[in-house]
There are 2 protein chains.
Amino acid sequence: MPKYAQRMYDMEDTAIIIRNLFNAMSDAEMISFGGGAPATEGLPVDIVREICNEVLTYEKRGTEALQYGSVLGVKDLREAVVNFLLKPKGIQASIDEILIVNGGLETMNLLCQVYINPGDVILVESPTFVHCVEIFKMFQAKCIAVDCDEHGLIMKDLEEKIQKYHPKFVYVIPTFQNPTGKTLPVERRKKLAELGTQYDVIILEDDPYQELRYSGEAVSPIKYFDKSGHTVYANSFSKIFSPGSRLGFVYASKEIIMKLFDAKTATNSHTSTLAQVICAEFFHGGYFSQHLKKICEIHRQRRDVMIKCIDQYFPTNTKRVFPDGGLFTWVELPNNINTTDLLKEANENKVHYIAGESFFVEANGKGKNCMRISFGNVTPEKIEIGMKRLGSLIQSKI
Amino acid sequence: MPKYAQRMYDMEDTAIIIRNLFNAMSDAEMISFGGGAPATEGLPVDIVREICNEVLTYEKRGTEALQYGSVLGVKDLREAVVNFLLKPKGIQASIDEILIVNGGLETMNLLCQVYINPGDVILVESPTFVHCVEIFKMFQAKCIAVDCDEHGLIMKDLEEKIQKYHPKFVYVIPTFQNPTGKTLPVERRKKLAELGTQYDVIILEDDPYQELRYSGEAVSPIKYFDKSGHTVYANSFSKIFSPGSRLGFVYASKEIIMKLFDAKTATNSHTSTLAQVICAEFFHGGYFSQHLKKICEIHRQRRDVMIKCIDQYFPTNTKRVFPDGGLFTWVELPNNINTTDLLKEANENKVHYIAGESFFVEANGKGKNCMRISFGNVTPEKIEIGMKRLGSLIQSKI
């Protein structure tokens, strides 16, 4: 058989992590704190069925939903983004600055298509979202980690590394960060937007969790502070509507959107009109705000149970993040615990998490005593059972 | 702003064609023989609504449809591919050899991710589908045209060019070809599969129209003759179910599917489960065969009207293909007609087609007197009106 392209070899180490992640999802017995899914119990099944019944007719939106659509996306879904998701944050966007994509991750892929030549540098948080690193590596980018403290990216280290490496992008998940659950403070966000302008670097702001806030005050996106068009705002409908619909959006300058348009036509033409029409009706039909309250309540309860379980079952010198929202917490265990080694035994006990090491592009053993724990799609009862198991296992290694 | 990646410059000439194509689609006054959409009147709107009502409940498939799913795709949709689309063609596939993608085109993108380094050669038909050329150029492949006669690819020229250029892929649309509507005879299909094996080249068989046959005998896919796993079979649900659902599939060896899995996770994780569940029920609920009969009848009538109109309104020395199926015919006008120049005037008269030149990667003026005419999504009445207008315009230039 013909040889694979070079990019497949360059991404291989990260691809293995992603493959294992998906494989663990298929074991129904497993209590999985691994994946980043929201609560199945909170999915808007009845709402979606009602919407289909109402609008999938020849008279209303049936043929629109089933026929080819526009590359940028269904118009009233882009309007929903502008009015329901951006305007409440003080952002005045136009629908020409919005592109609907096939799930939040696709934005990272398309933006790499537009900007990344092999060898280009992308600065990432330490730790960062491993699935996006897979995308960056497929484009043969060089990922360099920027130091983080308890609030996220450290601006001094970031600016030095921008000067040193001349990156194309700074990739950042500022709100309820993946994997740590941390939220970047407003002054650093403002500074990030300014650094993008000053050094002509794209700030790629990945913000899929920000609507899922359970405590504390909302913080403006980095994009809010962007005056030059250097910040690109990527978001997803997976957490607030449905992951299975595979819908996300990107908000960027018209110039960037026009290039993303080309990359999108050369990827898959456009995103499912069927899913888009249903999602647009979810917003314009007035379902969103009530639904958001409901799912925040479900996830808040799970977070609280999870935090209680960590404090109860894990070793006393464990450090953990209390996330004000989102789906994850990050745990730092005593130094002698290796979470990568531990995972095999945990899986035998039918508990899954993601080992901390996976999230560090440094690959120097950093995070080897850490783990990302997702509470989004595990019921409180199972959180209790799974964390007790995991706690016993960890205690037995000390 | 940062400089774009090199691939965006390499694809620019083709991207312009694709942009214009999508823009022409948005003019509601236009009678468009341009795009490749199937009949809006044939879309299964009532069936889809019924399915949603039936299965989008908490008890049945509601949470499956709205939650994250598997990378390869929903299991019973892959089973539908195996049993409803491949088995009737004498092909015994396993579901591990099937990956569900976001529309037929995405397979070309993912296969390029897996195999194409910049500068790699892809052999294509002359003429070929311009939208796939956009994808190949985004991956910085060098597209080289292989000569075709009235039946399609000429095997002698193909083998010589394989020997000369050592291509990674031969890209071919063997059935009701895009843009010409021609069908490759069975002996050439067999030979193509053999050449793939003999020279270690991927035969990329793009076959989205093959179920839409209105006359003549069915011909086995190239993949049917593949003994070594060198043929990759790309297909789409756009023409037989719904373009707006954005569903397609690829059937290939397990080894290739596993690499496409990695490329898929680094593109958009997986295809919409919502759309997949509905499409799976469309097959397993027994709707497919009746629906296929219905849409074949609609398109057969449109083809017949279109052929009659060409013979009636176009100059007597016009050559045209009589397609046994699919959505296109190909017209060769007298030599002095330049269809690229003519398009502007046609658009002023609210008629659209795609100029022949666009489909030739040779870019040496080949096809300048040709046009691709789609009859799929224009009613017989509008075909009559549009073709009369277009015929008058052409007659005025002779």
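Values in this document were obtained by computation on a predicted structure and should not be read as measured data. Within each chain, residues carry numbers counting from 1 in the order of the written sequence. Note on labels: chains are lettered from A, ligands numbered from 1, in written order. Residue-level local features of this predicted model are given only where pLDDT is at least 70; pairs of side-chain atoms are given and counted only at 80 or more, and the full residue set underlies all totals for whole chains, interfaces and linings. With hydrogens and water excluded, all non-hydrogen atoms of the structure serve as input to the side-chain values.

## Quick look at the environment of Ile-51 of chain A
Residue and element names in this part refer to chain A.
Next, step 1: Helix and strand labels come from DSSP, where a helix needs a run of H or I of at least four residues and a strand needs a run of E of at least two; each type is numbered from the N terminus. Relative to the elements of secondary structure, Ile-51 occurs in helix 3 (residues 45–55).
Next, step 2: The cut-offs for exposure are 20% and 50% of the maximum accessible area for each residue type, with area from a 1.4 Å probe on protein chains only; residues under the lower value are buried, those over the upper are exposed, and the others partly exposed. The buried category is assigned to Ile-51, whose relative accessible area is 3%.
Next, step 3: In the structure, Ile-51 is positioned 231 residues away from Phe-282 in sequence and 7.5 Å away in space, judged by C-alpha atoms.
Next, step 4: Note on contacts: a residue pair is in contact if any heavy atoms of the two residues lie within 4.5 Å. If near-sequence neighbours (up to four positions away) are discounted, Ile-51 is found in contact with Leu-56, Ile-278, Glu-281, Phe-282 and Tyr-287.

## Some points on the relation of the copies chain B and chain A
Next, step 1: With an RMSD of 0.0 Å, chain B superimposes on chain A once it is rotated by 180° and translated 0.0 Å along the axis. Taken together, the rotation and translation describe the operation of a two-fold axis.
Next, step 2: Interface overlap between copies: 100% of the residues of chain B at the interface are likewise at the interface in chain A, consistent with a symmetric, same-surface contact. The copies were overlaid by least squares, fitting only the C-alpha atoms of residues that reach a pLDDT of 70 or more in each copy.

## Overview of the environment of Asp-10 of chain A
Residues and elements named next belong to chain A.
Next, step 1: Position of Asp-10 relative to the elements: it lies in helix 1 (residues 6–10).
Next, step 2: Using a relative accessible area of 31% as the deciding quantity, one classes Asp-10 as partly exposed.
Next, step 3: A sequence separation of 128 residues divides Asp-10 from Met-138, and the C-alpha atoms of the two residues are 6.7 Å apart.
Next, step 4: Leaving out residues up to four positions away in the same chain, Asp-10 has contacts with Lys-137 and Gln-140.
Next, step 5: Polar side-chain contacts of Asp-10 include one of 2.9 Å to the side chain of Gln-6.
Next, step 6: A distance of 3.0 Å separates polar atoms of two side chains, one belonging to Asp-10 and the other to Gln-140. Think of a polar contact as two N or O atoms within 3.5 Å of one another; within protein, one of them needs to be a possible hydrogen donor and the other a possible acceptor, and neighboring residues in sequence only count if both atoms come from side chains.

## Brief notes about the packing of helix 2 (residues 12–25) of chain A against helix 9 (residues 254–265) of chain B
Next, step 1: Geometry is summarised by axes, namely lines fitted to C-alpha atoms with helices restricted to the contacting stretch, and by angles between N-to-C directions that run from 0 to 180 degrees. At a minimum axis separation of 10 Å, helix 2 of chain A and helix 9 of chain B run at an interaxial angle of 90°. It follows from the interaxial angle that helix 2 of chain A and helix 9 of chain B lie roughly perpendicular. Between helix 2 of chain A, through Glu-12, Ala-15, Ile-18, Arg-19 and Phe-22 of chain A, and helix 9 of chain B, the contact on the second element is made entirely by Met-258, Lys-259, Phe-261, Asp-262 and Thr-265 of chain B.
Next, step 2: Split into classes, the residues belonging to the contact of helix 2 of chain A with helix 9 of chain B amount to five nonpolar, one polar and four charged. Should an angle fall under 35 degrees it is called roughly parallel, over 145 degrees roughly antiparallel, and 65 to 115 degrees roughly perpendicular, with every other angle called oblique. Under the scheme applied here, ten amino acids are nonpolar (Ala, Val, Leu, Ile, Met, Phe, Trp, Tyr, Cys and Pro), four are charged (Asp, Glu, Lys and Arg), and all others, including Gly, are polar.

## Topic: the interface of chain B and chain A
Next, step 1: Contacts between the two partners involve 89 residues from chain B and, on the opposite side, 89 residues from chain A.
Next, step 2: Each of two parts loses accessible area, computed with a 1.4 Å probe, when they are put together; buried area is these two losses added. Regarding the contact of chain B and chain A, the summed buried area is about 7,500 Å², with carbon and sulfur atoms giving 59% of it.
Next, step 3: It is Met-1, Leu-66 and Tyr-68 of chain B in chain B that bury the most area against chain A; as a group they hold 11% of the surface buried on that side.
Next, step 4: Think of a salt bridge as a Lys or Arg side-chain nitrogen and an Asp or Glu carboxyl oxygen that are within 4 Å of each other. Put simply, chain B and chain A have four salt bridges between them.

## Points about the confidence of the model for chain A
Next, step 1: For chain A, the mean per-residue pLDDT works out to 96, and 100% of the residues sit at or above 70.
Next, step 2: Across the predicted assembly, pTM comes out at 0.97 and ipTM at 0.97. Per residue, pLDDT captures the predictor's confidence, and it can take any value from 0 to 100.

## Brief notes about the sheet that holds strand 10 (residues 248–251) of chain B
Residues and elements named next belong to chain B.
Next, step 1: Each pair of strands is called paired provided DSSP finds at least two bridges between the two strands. Strand order across the open sheet formed by seven strands is 2-10-9-8-7-3-4, with mixed pairing between neighbours. Single-partner strands in this sheet number two, and they are strand 2 (98–101) and strand 4 (142–146). Across the sheet, the axes of successive neighbouring strands diverge by a mean angle of 20°, strand direction being ignored.
Next, step 2: With four bridges joining them, strand 2 and strand 10 adopt antiparallel strand pairing. By the bridge assignment, Leu-99 is partnered in strand 10 with Val-250.
Next, step 3: Set on the sheet, helix 4 (residues 75–86) makes contact with strand 2, strand 9 (231–236) and strand 10; between it and strand 2 the angle comes to about 110°.
Next, step 4: Contacting strand 2, strand 8 (202–206), strand 9 and strand 10, helix 9 runs over the sheet at an angle of about 25° to strand 2.

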